[in-house]
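The chain contents come next:
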Amino acid sequence: MQIPFHKPYITNNEIEAAVETIKNGWLTMGHKTFEFEKSFASYTDCKFSIALNSCTAALHFALLCNNLKPGDKVIIPVNTFVATAEVICYLNAIPVFCDIEKDTHNIDVSKIEGLIDKDVKGIIAVHYSGQPCDMDEIIEIANKYKLFLIEDAAHAFPSEYKGQKIGSISDYTAFSFYATKTIAAGEGGCLNVKESDASDKLKHLRLHGISKDAWKRYTNEGTWKYDVVDLGYKYNPNDIAMAIAKEQLDKTYDLLEMRKKISDCYDEAFDESPYFEIYNIKKDRKSSYHLYPLKINIESITISRDIFIEELKIAGVNTSVHFIPLNKFSYYKNFVISQDFPNSEYVYNRQISLPIWPGMKENEINYVIKTVLSIAEKYKR
Ligand SMILES: *Cc1c(COP(=O)(O)O)cnc(C)c1O
């Protein structure tokens, strides 16, 4: 049996929505995008959702809105996707890596204050696997030192922290609709903002900084004449992707339930096993279950995590690792690193992300479980 690491949940709704958009002839940003934005804002209890072509663009925009300057520093978890760090470098600012918690793999709040100096201007909190970070404590630190706070919620739709939707808490929250994320449009992203000024500004920045968007320019409402009022970017989404995203959005809670069910099956199977440590979700928050991160007790078996992954692959179970910590990359190991990362090291040596995609059948879930357990048994110490 072959189990892919991920497979998007595409039904006739998504296919028909994409085909209809192609047939109607408006392929770039237009009505489908605006419809999606309205709906996404409502799902996340936020006033303004600005659709973009990626979450990376959304993070870049969030930093621009906070006036990040060359030489400024921004604190981020060391265990995240490289996009969280690269956007800081786009602005010639400096990412400062912070260790994570062993159990949630989120930023370790107790280690943030030790990293703050006069150049630190902000924090990007990343909600690992869809589990929200300790937001109250992070907000307290941000307020105390007057730092901006941005949420990288690429994994965290739909997630909740103490009854609040992720996307409604901070001034800027970035989401991803990349092919493997919980809403899969192929490519796409979104920035939730609270102020109408920021929303208006970003709506022209995403399309070259021109004063009227193409949608208006090319309808009867528009004219050929426009002004460029700012240095703009080419960060707009296209309506084909947004039409797919809207169909996925309409299934949000069905997709969530399917992922949660798979997570429950895995938890039940691995909780009692001496070879594994299951992932802990804190009681006061709700995850999107974007990933299923399992940790191997490497002391209890004779093979490394890397070999474990190879064995799984041979048996047809495709997995991944989230993430290779940023301090291990050639480009990023030259950045200021002012603390050790014992917890990130601990997680990196043990962690495997198992397949958790809506539509996985019971026999596929059971095959993953059986395979994981039998490899551990085969190589037990
Ligand atoms: C996927 C991901 C991103 C980037 O999303 P794109 O839409 O591909 O730009 C950013 N941060 C994290 C944590 C991610 O997993």
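Placed above this text is the structure.
Residues numbered from 1 in each chain as written. Predicted model: local features only at pLDDT ≥ 70, side-chain atom pairs only at ≥ 80, totals over all residues. Heavy atoms only, no water.

Focus on the overall build of the chain
Part 1 of the reasoning: In terms of helices and strands, the chain carries 12 helices and 13 strands.
Part 2 of the reasoning: With the principal axes as the frame, the chain shows a C-alpha extent of 75 × 55 × 40 Å.
Part 3 of the reasoning: Counting every position in the chain, which comprises 381 residues, the buried fraction comes to 57%.
Part 4 of the reasoning: Pairs at least 24 residues apart make up 74% of the contacts formed inside the chain by residues separated by at least 6 positions.
Part 5 of the reasoning: Summed over all atoms, the accessible surface of the chain reaches about 16700 Å², with 51% contributed by carbon and sulfur.
Part 6 of the reasoning: Taking the average location of the 45 positive side-chain charges in the chain and that of its 52 negative ones, the two points are 3 Å from each other. (Helix = DSSP H or I, 4+ residues; strand = E, 2+ residues; numbered from the N terminus. Buried < 20%, exposed > 50% of the residue type's maximum accessible area, 1.4 Å probe, protein only. Contact = heavy atoms within 4.5 Å. Areas by Shrake-Rupley, 256 points an atom, 1.4 Å probe, with all protein chains shown as cover. Lys, Arg positive; Asp, Glu negative; His and termini not counted. Charge placed at Lys NZ, Arg CZ, Asp CG, Glu CD.)

Let's talk about the environment of Asn-236
Part 1 of the reasoning: One can find Asn-236 in the loop between α7 (214-217) and α8 (239-249).
Part 2 of the reasoning: Residue Asn-236 is classed as buried on the basis of its relative accessible area, which comes to 6%.
Part 3 of the reasoning: C-alpha separation for the pair Asn-236 and Gly-189, spaced 47 residues apart in sequence, amounts to 9.4 Å.
Part 4 of the reasoning: The residues contacting Asn-236, other than those within four sequence positions of it, are Thr-28, Met-29, Leu-52, Asn-53, Arg-206 and Leu-207.
Part 5 of the reasoning: Polar contacts involving the side chain of Asn-236 include one to the side chain of Lys-234, which spans 2.9 Å. (Polar contact = N/O pair within 3.5 Å; in protein donor to acceptor, adjacent residues only side chain to side chain.)

Brief notes about the site of the ligand
Part 1 of the reasoning: Around the ligand, a shell composed of 15 residues is seen, among which Thr-56, Asp-152, His-155, Ser-176 and Lys-181 lie nearest.
Part 2 of the reasoning: One nitrogen or oxygen atom from the side chain of Thr-56 is found 2.5 Å from an oxygen atom belonging to the ligand.
Part 3 of the reasoning: Lys-181 is positioned with one of its side-chain polar atoms (N or O) 3.1 Å from an oxygen atom of the ligand.
Part 4 of the reasoning: Protein contact buries 92% of the 390 Å² of open area that the ligand shows by itself.
Part 5 of the reasoning: Mapped onto the shell around the ligand, the elements with two or more residues apiece are α3 (55-65) and α4 (83-90). (Near = heavy atom within 4 Å.)

Topic: a nonpolar patch on the surface
Part 1 of the reasoning: Judged by side-chain polarity, Ile-10, Ile-15 and Val-19 come together as a nonpolar surface patch covering roughly 230 Å² of accessible area.
Part 2 of the reasoning: Its place among the elements puts Val-19 in helix α1 (residues 12-24).
Part 3 of the reasoning: Given the relative accessible area of 37%, Val-19 is considered partly exposed. (Patch = residues over 30% accessible without salt bridge, like charges linked within 9 Å, V, L, I, M, F, W, Y side chains within 5 Å. Salt bridge = Lys/Arg side-chain N within 4 Å of Asp/Glu carboxyl O.)

Section: the nonpolar core
Part 1 of the reasoning: Counting 38 residues, the largest nonpolar core has Leu-63, Ile-88 and Leu-191 as its most contacted members.
Part 2 of the reasoning: Looking at this core, the elements with two or more residues in it are β1 (48-52), α3, β2 (73-77), α4, β5 (148-152), β8 (172-176), β9 (189-193) and α6 (196-205).
Part 3 of the reasoning: With 8 residues, the single largest contributor to this core is α3.
Part 4 of the reasoning: Beyond its immediate stretch of four places on either side in the chain, Ile-88 contacts Leu-63, Leu-68, Val-74, Ile-76, Ala-93, Ile-94, Pro-95 and Ile-124. (Core = buried A, V, L, I, M, F, W, Y, C linked by side-chain atoms within 4.5 Å.)

Focus on the sheet that holds strand β13 (residues 351-354)
Strand pairing within a sheet occurs via backbone hydrogen bonds; the two strands may be parallel or antiparallel.
Part 1 of the reasoning: The strand order across the open sheet built from 3 strands is β10-β12-β13, with neighbouring strands paired in antiparallel fashion. For this open sheet the edge positions go to β10 (276-277) and β13, each flanked by a neighbour on one side alone.
Part 2 of the reasoning: Those strands touched by helix α9 (residues 252-271) are β10, β12 (292-296) and β13, and its axis lies near 15° from that of β12. (Pairing = 2+ DSSP bridges. Axes fitted to C-alpha atoms, helices over the stretch in contact; angles between N-to-C directions.)

Examining the pattern of salt bridges
Part 1 of the reasoning: Within this structure, the stated rule accounts for 24 salt bridges.
Part 2 of the reasoning: Notably, a salt bridge pairs Asp-117 with Lys-73, separated by 2.6 Å at the nearest N-O pair. Separated by 44 residues along the polypeptide, Asp-117 in the loop between β3 (94-98) and β4 (120-126) and Lys-73 in strand β2 bring together distant segments of the chain.
Part 3 of the reasoning: Classification of Asp-117 as partly exposed rests on a relative accessible area of 32%.
Part 4 of the reasoning: With its nearest N and O atoms 3.3 Å apart, the salt bridge here joins Lys-118 to Asp-119.
Part 5 of the reasoning: Judged by its relative accessible area of 25%, Asp-119 is partly exposed.
Part 6 of the reasoning: It is possible to trace a salt-bridge network through shared partners that takes in Glu-101, Asp-134, Lys-282, Asp-284 and Arg-285.

A few points about the sheet that holds β2
Part 1 of the reasoning: Strand order in this open sheet of 7 strands is β1-β9-β8-β5-β4-β2-β3, and the pairing throughout is mixed. Because the sheet does not close on itself, it has two edges, and the strands there are β1 and β3. The sheet shows a mean angle of 25° between the axes of neighbouring strands, taken without regard to direction.
Part 2 of the reasoning: Here β2 pairs with β3 via 5 bridges, running parallel. Looking across to β3, one finds that Val-74 is bridged to Pro-95.

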